[in-house]
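Listed here are the chains, written in short residue letters.
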Amino acid sequence: MADMHYDVVVVGSGAGGILTAIRAHDLGLRTVVIEKTDRYGGTSAVSGGGIWIPSCPWIKDPDIDQKSLEYLRFCTDRQVSDERLNAYIRSSTQMVEYLDELGVHYFIDKNNSYPDYYPDAPGAVPIGRSMYIDTVDGRPLGDDLYNMRESLPEFMLFDRITLSLSEAGILLYRAPGWRLLVLKLLFKYWTDFKGRMTSKRDRRLNIGSALVGGLRKAMISRNIPLLLQTRMDSLIQDDGAVTGITASRLGNTFKINATKAVVLASGGFEQNQVLREKYFPQKTQASWSVTPRDCNMGDGLVAALNVGADTEFLDQAWWAPTMTKSTHESPQVSRSVPVFFERGYPNCLCVNRHGNRFVNEAASYHQFGQAMMKDNEETGGNIPCWFIFDSQFRRKYPVAGILPSTVTPDSALPKGWLDKFIFKAQTLDELAAKMSIDKAALTKTISRFNEQARTGIDKDFGKGDNVYNQFFGDPTVKPNRCLGPVSEGPFYAIKLDLGDIGSKGGPKTDENANVLDVNGKRIRGLYAVGNVAGSVTAGSYPGAGGTLGPAMTFAYVAANHIGQRNT
């Protein structure tokens with residue numbers, strides 16, 4: 001293939017990469033996006049699509065900027081400069097306004113907005129920093145829709161219809177009107193005859209697919225090229241500045257020259273087992289990650305290291321417990337499924353392999369993962385741990401995409417799931433035997449848990465004590481919506497691995513997303529945004545949308561900085 005010439009080359013087609021390209025184009029720069037896989041969207045497309053905006057305009061507080069800075073200082077333990085934190089605070093609101101101009105609309109759901117993940121920290125707010133994406137009509141994308149990475153099955157109704165977060169909440173709790181909602185969703189799906197003749201995939205886009213689909217429409221309207229199946233092999237330097245990349249496509253190698261900048265937006269390294277073992281503090285498996293298996297191999301990190309980039313937070317990830325299960329369609333193929341919120345429900349608890357509780361089960365998934373590591377360091381009995389629940393839980397709540405037994409009874413589960421992915425027993429002693437856990441220890445732990453559940457006060461770990469915990473509890477359960485005894489057989493257990501939704505360490509960047517070398521100087525022409533870069537939130541997870549919010553904000557910042565250099 002012949003060499004190519006652009007002003008800006010963007011590596012990666014997630015939300016951060018596409019937004020960089022759109023903004024750079026609008027600032028007068030010739031831009032191209034390359035994607036090494038055959039589908040665009042990356043981890044963004046399979047995400048919940050939310051964005052965490054520190055000083056969200058909806059929050060009517062004249063001191064919100066200062067409170068946001070205080071909160072982020074707490075979250076990052078002052079490992080990130082105030083210049084970067086302030087750039088995030090200031091520019092994130094501008095970025096949301098720009099998205100609105102592009103036709104990608106975000107809003108605050110006052111009735112269903114996540115609290116900050118550290119609700120007792122200085123500067124935390126109980127509602128308002130996490131914004132949700134509006135539904136997007138995917139029909140204008142035409143056949144290009146089918147080149148976009150699809151949402152996770154756990155975010156779909158009947159494995160076909162992608163739900164918004166508010167719709168998922170209504171169906172989860174069977175809130176008033178849930179039956180009518182199901183009928184409306186089915187009607188919209190089945191009456192899209194043209195779409196169903198092409199694919200079972202719903203063309204009504206929600207969550208991550210709505211974000212990527214909306215950005216892709218804006219990209220297409222600007223005629224910005226997207227090169228699929230095109231891999232970056234290395235960065236090209238001239239007199240210390242990055243001036244392009246070498247790329248390969250279908251066995252052919254060529255150069256893509258960049259007169260202004262190369263922007264790395266290629267995701268983290270969590271799917272690369274070698275890099276996981278090199279950088280992560282404890283042994284984990286790439287297969288435990290929720291991110292797409294053919295993405296996020298650390299290409300951007302390796303390329304940046306090869307041109308002298310400094311790095312930070314390589315030992316950190318966006319942790320999340322995951323369970324392994326096979327798919328309905330391919331029972332011999334297993335995948336990892338996140339257990340994000342179910343731990344906050346009543347009638348469940350988590351124990352390590354010694355049969356002891358080790359965490360507030362209703363903590364954020366990231367904090368839960370950190371607790372797994374801490375407990376494993378101290379006891380050697382974690383990674384994996386166990387999620388235990390009883391028949392009360394099984395009747396009322398979903399877990400890891402498995403619907404309650406009132407909808408999907410045990411008899412309807414795929415053959416081979418019981419006592420392989422989901423362990424079931426009539427008594428706790430029998431369950432302990434199947435889990436290879438000491439019966440006496442488990443009985444003692446559950447007995448103490450049940451006593452506290454009946455009083456509504458978890459003296460050991462404080463489950464249900466703060467606003468974040470309560471957000472995921474069952475409001476019909478009193479006196480503590482997160483606590484209920486595990487007392488009615490049959491009993492169930494699921495093995496939880498230390499999974500993740502991406503790594504969060506990489507090239508060190510400044511407040512403009514410009515990559516820095518080991519001497520703290522900018523590498524001219526090289527930028528990094530999203531999970532490929534060292535995170536602006538360090539080792540923390542400040543709130544729902546804490547991955548996409550910074551990724552898209554610094555995509556916007558990077559494009560603006562490149563554009564300023566162009567004037």
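Scroll up a little and you will see the structure.
On a predicted model such as this, the values are computed, not experimentally measured, just so you know.

Moving on to the overall build of the protein chain. Counting secondary structure elements, the protein chain contains 16 helices and 23 strands. Radius of gyration (C-alpha) of the protein chain: 23 Å, near the 24 Å computed for a compact globule of 567 residues. In terms of principal-axis extent, the alpha carbons of the protein chain reach across some 70 × 55 × 50 Å. Put simply, the protein chain has 567 residues, and 61% of those count as buried. A total of about 22,200 Å² of accessible surface is found on the protein chain, and carbon and sulfur atoms cover 50% of it. Of the side-chain charges in the protein chain, 64 are positive and 61 negative, and the distance between the mean point of each set is 4 Å.

Before going further, it helps to spend a moment on the packing of aromatic side chains. According to the stated counting rule, one finds 34 aromatic pairs in the structure shown. Ring centres of Trp-52 and Tyr-88 lie 6.2 Å apart, and the angle between their planes is 45°; this geometry places the pair in the tilted category. Of this pair, Trp-52 sits in strand β3 (residues 51-52) while Tyr-88 is found in helix α4 (residues 82-102), placing the two residues 36 residues apart along the sequence. Taken together, a centroid distance of 5.0 Å and an interplanar angle of 85° make the contact between Phe-471 and Phe-472 edge-to-face. Phe-471 gets classed as partly exposed once you look at its relative accessible area, which sits at 23%.

As a packed pair, helix α13 (residues 428-435) and helix α14 (residues 439-455) sit with axes 9 Å apart at the nearest point and diverge in direction by 125°. One way to sum up the angle between α13 and α14 is to call them oblique. Between α13 and α14 lies a crossing whose hand is right-handed. Within the contact between the two elements, α13 uses Leu-428, Asp-429, Ala-432 and Ala-433 and α14 uses Lys-439, Leu-442, Thr-443 and Ile-446. Of the residues belonging to the contact of α13 with α14, the class tally is five nonpolar, one polar and two charged.

On to empty space enclosed by the protein. Tallied over the entire structure, the rule returns three cavities of 30 Å³ or more. Its boundaries defined by the atoms lining it, the largest cavity holds a volume of some 150 Å³. Gly-530, Gly-534, Ser-535, Val-536 and Pro-550 are, among the 17 residues lining the largest cavity, the residues nearest its centre. Grouping the amino acids of the lining of the largest cavity by side-chain chemistry returns nine nonpolar, six polar and two charged. Within this model, the second largest cavity holds a volume of roughly 40 Å³.

With respect to the element layout, Ser-13 can be found in the loop between β1 (4-11) and α1 (15-26). Of the residues examined, Ser-13 reaches a relative accessible area of 1% and is grouped as buried. A distance of 2.7 Å separates the side chain of Ser-13 from the side chain of Glu-35, its partner in a polar contact. Within the structure, Ser-13 has its side chain in polar contact with the backbone nitrogen of Gly-41 (distance 3.1 Å). Residues contacting Ser-13, with those up to four places away along its chain left out, are Ile-18, Val-33, Ile-34, Glu-35, Arg-39, Tyr-40, Gly-41, Gly-42 and Leu-226.

Our focus in this paragraph is α14. The first and last C-alpha atoms of α14 sit 25 Å apart over 17 residues, in line with the 24 Å expected at 1.5 Å per residue. The complete set of buried residues in α14 reads Ala-441, Leu-442, Thr-445, Ile-446, Phe-449, Asn-450, Gln-452 and Ala-453. All buried residues of α14 fall inside an arc of 165° around its axis, so they share one side. Facing away from the buried side of α14 by over 90 degrees, the exposed positions are Ala-440, Lys-444 and Arg-454. Where α14 is buried, its residues contact β17 (348-351), β18 (385-390) and α13. For α14, the side-chain oxygen to backbone nitrogen distance between the N-cap and Ala-440 is 3.3 Å, and the N-cap itself is Asp-438.

As a further point, take unusual backbone geometry. Negative phi values dominate among residues other than glycine, just as trans dominates among peptide bonds. Lys-478 connects to Pro-479 through a cis peptide bond whose omega is 0°. Among the structural elements, Pro-479 can be located in the loop between α15 (467-471) and β20 (491-503). In this model, Gly-489 is joined to Pro-490 through a cis peptide bond whose omega is 0°. Secondary-structure assignment places Pro-490 in the loop between α15 and β20. Positioned with a positive phi, Asp-239 is a non-glycine residue whose angle comes to about 55°. With respect to the helices and strands, Asp-239 occurs in the loop between β11 (231-238) and β12 (241-249). Classification of Asp-239 as exposed rests on a relative accessible area of 68%.

Calculation rules
- Residues numbered from 1 in each chain as written.
- Predicted model: local features only at pLDDT ≥ 70, side-chain atom pairs only at ≥ 80, totals over all residues.
- Heavy atoms only, no water.
- Helix = DSSP H or I, 4+ residues; strand = E, 2+ residues; numbered from the N terminus.
- Rg over C-alpha atoms; globule rule 2.2 N^0.38 Å.
- Buried < 20%, exposed > 50% of the residue type's maximum accessible area, 1.4 Å probe, protein only.
- Areas by Shrake-Rupley, 256 points an atom, 1.4 Å probe, with all protein chains shown as cover.
- Lys, Arg positive; Asp, Glu negative; His and termini not counted.
- Charge placed at Lys NZ, Arg CZ, Asp CG, Glu CD.
- Phe/Tyr/Trp six-rings, centres within 6.5 Å; stacked < 30°, edge-to-face > 60°.
- Axes fitted to C-alpha atoms, helices over the stretch in contact; angles between N-to-C directions.
- Parallel < 35°, antiparallel > 145°, perpendicular 65-115°, else oblique.
- Left-handed = near helix turned anticlockwise from the far one by under 90°.
- Contact = heavy atoms within 4.5 Å.
- Nonpolar A, V, L, I, M, F, W, Y, C, P; charged D, E, K, R; others polar.
- 1 Å grid on protein atoms, 1.4 Å probe; cavity = no way out; pocket = protein on both sides within 12 Å on 5 of 7 lines; lining within 4 Å.
- Points joined across faces, edges and corners; volume = space filled by probe spheres on them.
- Polar contact = N/O pair within 3.5 Å; in protein donor to acceptor, adjacent residues only side chain to side chain.
- Expected span 1.5 Å × (residues − 1).
- Arc of directions from axis to C-beta.

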